[in-house]
Structure formats: C-alpha cells, structure tokens
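Coordinate inspection notes
Residue strings, one per chain:
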Amino acid sequence: MKRVVVGLSGGVDSSVAAYLLKEQGYEVIGLFMKNWHDDSVTISEECPWLEDSNDALIVAEKLGIPFQTVDLSVEYKEKIVDYMFKEYEMGRTPNPDVLCNREIKFDVFLKIALQLGADYVATGHYCRKGTIKNADGSETYQLLSGADTNKDQSYFLCQLSQEQLSKTLFPIGELQKPEVRKIAAANNLITADKKDSQGLCFIGKVRLPEFLQQKLKPKKGIIVEVPAAAVQLHRSQVKFDSKEAELAYTSEKPIYHIEDGKVVGEHQGAHYFTKGQRKGLDVGGTKEPLFVIETDVSENVIYTGQGKNHPGLYRRTLFVTDAELHWVRPDLALKVDETLEVIARIRYRQALEKATLYKVDGGLYVDFEEKQSAITEGQFVAWYIEDELIGSGVIS
C-alpha cells in the first residue's frame, strides 16, 4: 500500500480527493495546514481557519483516516507574506496562490509528508498529471489542465518542478465540479454543500488594503486621468532591423507624466492599486468608469483612463527575465534564438490566447497574436501546448 498525505483544507475538493484515494487502496493521512494567526486582517465570518480545520477533522473521522494539523505560519509569513509586501512596495502585483503552491504546499508541506513516510502528496486541485516513459527508462511528468475547463487550476501550479510533480497526485482532475459535490453528498461528507473559499491560499478572505497597511503606510497622492489620445499611446510605425528589436519595442510600456492628463482625485497610496483595477478609485463624474492604466510608486501617482477599451490598458508583448523563468518541462526549454508557438494566459480564468515565445539573451518574450488587457508586472504568465502547461514566468 502506498502512503499518501492529503492536504485537507476543509473544503469539498480535498475531502473528495481523500475519499477517492482511500477507495483506490492507498493508505491516506489527512493534514491541515495552519498558515495564519493574525485575525485582525481576516474577515473571520467569511472563512475562519478554525471552522475549516474542524470540517477537515470531521471528514477525516468519517473516512477513518489519521488527521493532524501542522502550523506553517512562520514559513508562510517568510515565503509568502513578506514576498507580497516587497512586491507591492516595488509597484508590482504578486500572485500569492501560485507562490503558496510552489513554496508551501509542494515544498514545506511535501517535506513534512515525506518525513511521515509518504510516497505522495495529494491536493484537491482541478488538474491532471501525465507520465511520459522515456527511452532510457526515466519518466517525464506532465501538468495537464483539469477535465472541468470551468474549474481548471493548472495555472496556479505553473511553478511546479519535475521533482514536485513526481511526488504529487491530483485525484479529482478528471472530474467535473458537480460530480465532486455528488460524491461528497453520497458519502455524507460534511463539506458536500460548502461554498468554495475565495480567499488567500489556506488563509481565508483577507481585507487586502488593511493587510497591506500593516506594513505599507497610507500616503496621500493624486489620481491623473490620461486621455485616450495621449501621444505615448499612439506611437508611429517603425522599421526594425531584427525581430528582437521589434519585440523590445512592443513590450515597452508607455511612460506617463502628471502633465499628460488632468488631476481627478486623490488616493491613499499607489502601492495599494494594480493595473486594470476599477474599484476603490472613488472618482465620479466621468462618462465611462476609470481604470488604472499605470501606478508610479516612486512618485505616488495613479494614472487612469476612461473605459475598459482605453489604449493604455493594452499591450501585445511581455518579457520574463531568466531569473524568473520556469519550465515545468525542462526538456522543452528554449535556447537563445529559438521560438515556440503556444497558447498562454496572463491571469487565472483568462481564456488561452495564441502567442509565440522568443528566447533571447537574458530572458524570454511572450508575443501575443492579440493585444492583452492589463499586463501586470509581478503576475505570472503561463504557456501551454494544447492542454499541457509547459512553462511560466513572472511578468517583468
């Protein structure tokens, strides 16, 4: 019997993952990760970890599997929270869920599971794992999107390595969400009708502004509205002597100055805002709603544009530095001057879009066929061939 440690989160997906593994004859252990102590910034009514850990315990008892809670709040603070503050301070927008999977669930948690003698860890993610047998007898693991296209979570796992995938199982990856709920109900699992948590990975719902204000103090600044006709948004066609020069040009973001638009309001800190954001600006009197098109954290200015079709929101090309480039499939990694046609997304739940990867010295360009809205530094871009996620990187 192979031993599997399941990350029981107190939700329906991980509960059913544990049930299925037990049915398949694995020796299953349930582990709940406690990642957070600070209730002052958690909206406790929404999703307190206490209720989740109780639900996880009840599920474990129902399934007749051993259960324990591990406190990973120190590691979580170091690897996720401190990283988030640092990124926001630099004017970037981090994705803590991707990081939590790479640094906590499939690193710290995985190591704990291996100490418990586990052969695998399992989670309730909607994605699948494929295995390619190589000629030399070794195996290459594939990260495949979940069968339920509406719930596919492969994007959140875009930073996993071959080593991590070799030790991972995704028991519900072939199922549709309604089927998962049906299995939970048929087996009287307490989580069968529980709402999906929307919060930060294993923390619950957090009030982001209050959360950030713990470290990043409010600082009054101005909101500038940039007209759609601004000169930097309408650059003339240029002839390029190389593809790399063209990509460098199309990936450049416009630089704005206060005199490019008019001051329309005030804010409490540019580092609380992100590109494409509409809520929280509190500026009225415009024909169409204002969207953030750029934040300048050094000058503490937010630049906005009217309407979701404002040209300041759109770019075709983005860049990932070598330091922040990751291949789930190292055997498919590009060498300098190589290109690859892929489908890619720059945020979770975004439809996959056609793009071409260009490897250059120092990094990789992702050049989309269509312009993308709100390409945001600090977020992850992930690229696929058909339904396999083969690599990802932090948008620089």
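Details of the structure are given in the entry above.
The following refers to the structure shown.

**Focus: the overall build of the protein chain**
- Scanning the protein chain for helices and strands turns up eight helices and 18 strands.
- Relative to the 2.2 N^0.38 estimate, which gives 21 Å for 396 residues, the radius of gyration of the protein chain is 23 Å and therefore close to what a compact globule would have.
- Considering only C-alpha atoms, the protein chain reaches an extent of 65 × 55 × 35 Å along its principal axes.
- Counting all 396 residues of the protein chain, 53% fall into the buried class.
- Considering only residue pairs separated by 6 or more positions, the protein chain has 70% of its internal contacts joining residues 24 or more positions apart.
- Accessible area for the protein chain stands at about 18,500 Å²; split by element, carbon and sulfur atoms hold 49% of it.
- The protein chain carries 48 positive and 59 negative side-chain charges, and their two centres are separated by 2 Å.

**A look at the pattern of salt bridges**
- In the structure shown here, the tally under the stated rule is 28 salt bridges.
- Between Asp82 and Lys77 there is a salt bridge; the shortest N-O distance is 2.9 Å.
- Accessibility expressed as a relative area gives 42% for Lys77, which makes it partly exposed.
- Between Lys111 and Asp107 there is a salt bridge whose closest N-O contact spans 3.0 Å. With Lys111 and Asp107 both in helix α4 (residues 96–115) and four residues apart, the pair spans about one turn of that helix.
- Three or more residues joined by partner-sharing salt bridges are found here, namely Asp13, Lys151, Lys177, Arg181 and Asp196.

**Topic: the pairing of strand β16 (residues 363–373)**
- With seven bridges joining them, strand β12 (residues 314–321) and β16 adopt antiparallel strand pairing. Along β16, the bridge assignment pairs Arg315 with Gln372.
- Two strands pair when backbone bridges link them, and strand β15 (residues 353–360) and β16 are joined in this way by six bridges, in the antiparallel orientation. Pairing of Val360 across the sheet is with Gly363, part of β16.
- In this structure, the hairpin formed by β15 and β16 is closed by a connection of two residues, where Gly362 is found at a positive phi of approximately 90°.

**A few points about the sheet that holds strand β4 (residues 120–122)**
- With respect to topology, five strands assemble into an open sheet ordered β3-β2-β1-β4-β7, the strand pairing being parallel. Because the sheet does not close on itself, it has two edges, and the strands there are β3 (67–71) and β7 (168–169).
- Examined bridge by bridge, β4 and β7 share two bridges and lie parallel to one another. Note on β7: the bridge partner recorded for Val121 is Thr168.
- Across the sheet, α4 lies against β1 (3–7), β2 (27–34), β3, β4 and β7, angled at about 125° from β2, the strand it touches most.

**Observations concerning the sheet that holds strand β10 (residues 290–296)**
- The strand order across the open sheet built from four strands is β9-β8-β11-β10, with neighbouring strands paired in mixed fashion. Either end of the sheet is taken by a strand with one partner, and the two such strands are β9 (262–267) and β10. Each neighbouring strand pair of the sheet contributes to a mean axis angle of 30°, computed without reference to strand direction.
- Note that β10 and strand β11 (residues 301–306) share six bridges and pair antiparallel. Pairing of Asp296 across the sheet is with Val301, part of β11.

**A word on the environment of Pro311**
- Residue placement: Pro311 occurs in the loop between β11 and β12.
- Sequence separation between Pro311 and Ala192 is 119 residues, and the spatial gap between their C-alpha atoms is 45 Å.
- In contact with Pro311, other than residues within four places in its own chain, are Ala228, Leu233 and His234.

**Points about the packing of aromatic side chains**
- Applying the stated criterion across every chain, the model contains six aromatic pairs.
- Look at Tyr155 and Phe156: their rings are 6.0 Å apart centre to centre, the planes differ by 65°, and that puts the pair in the edge-to-face class. You'll find Tyr155 and Phe156 in the same group, each marked buried.
- Seen in terms of ring centroids, Phe319 and Tyr365 are 4.7 Å apart; in terms of plane orientation they differ by 50°. Their pairing is tilted. Remark: Tyr365 occurs in strand β16 and Phe319 occurs in strand β12; sequence separation between them is 46 residues.
- Taken together through their ring pairs, the aromatic side chains of Tyr155, Phe156 and Tyr348 make up a single cluster.

**Section: the environment of Lys111**
- On the basis of relative accessible area, Lys111 is assigned to the partly exposed category, the value being 48%.
- In this structure, the C-alpha to C-alpha distance between Lys111 and Pro254, residues 143 residues apart in sequence, is 44 Å.

**As for the side chain of Thr356**
- In this fold, Thr356 is placed in strand β15.
- Residues in contact with Thr356, not counting those within four places in the same chain, are Thr339, Leu340, Glu341, Tyr365, Val366 and Asp367.

What counts and how
- Residues numbered from 1 in each chain as written.
- Predicted model: local features only at pLDDT ≥ 70, side-chain atom pairs only at ≥ 80, totals over all residues.
- Heavy atoms only, no water.
- Helix = DSSP H or I, 4+ residues; strand = E, 2+ residues; numbered from the N terminus.
- Rg over C-alpha atoms; globule rule 2.2 N^0.38 Å.
- Buried < 20%, exposed > 50% of the residue type's maximum accessible area, 1.4 Å probe, protein only.
- Contact = heavy atoms within 4.5 Å.
- Areas by Shrake-Rupley, 256 points an atom, 1.4 Å probe, with all protein chains shown as cover.
- Lys, Arg positive; Asp, Glu negative; His and termini not counted.
- Charge placed at Lys NZ, Arg CZ, Asp CG, Glu CD.
- Salt bridge = Lys/Arg side-chain N within 4 Å of Asp/Glu carboxyl O.
- Pairing = 2+ DSSP bridges.
- Axes fitted to C-alpha atoms, helices over the stretch in contact; angles between N-to-C directions.
- Phe/Tyr/Trp six-rings, centres within 6.5 Å; stacked < 30°, edge-to-face > 60°.

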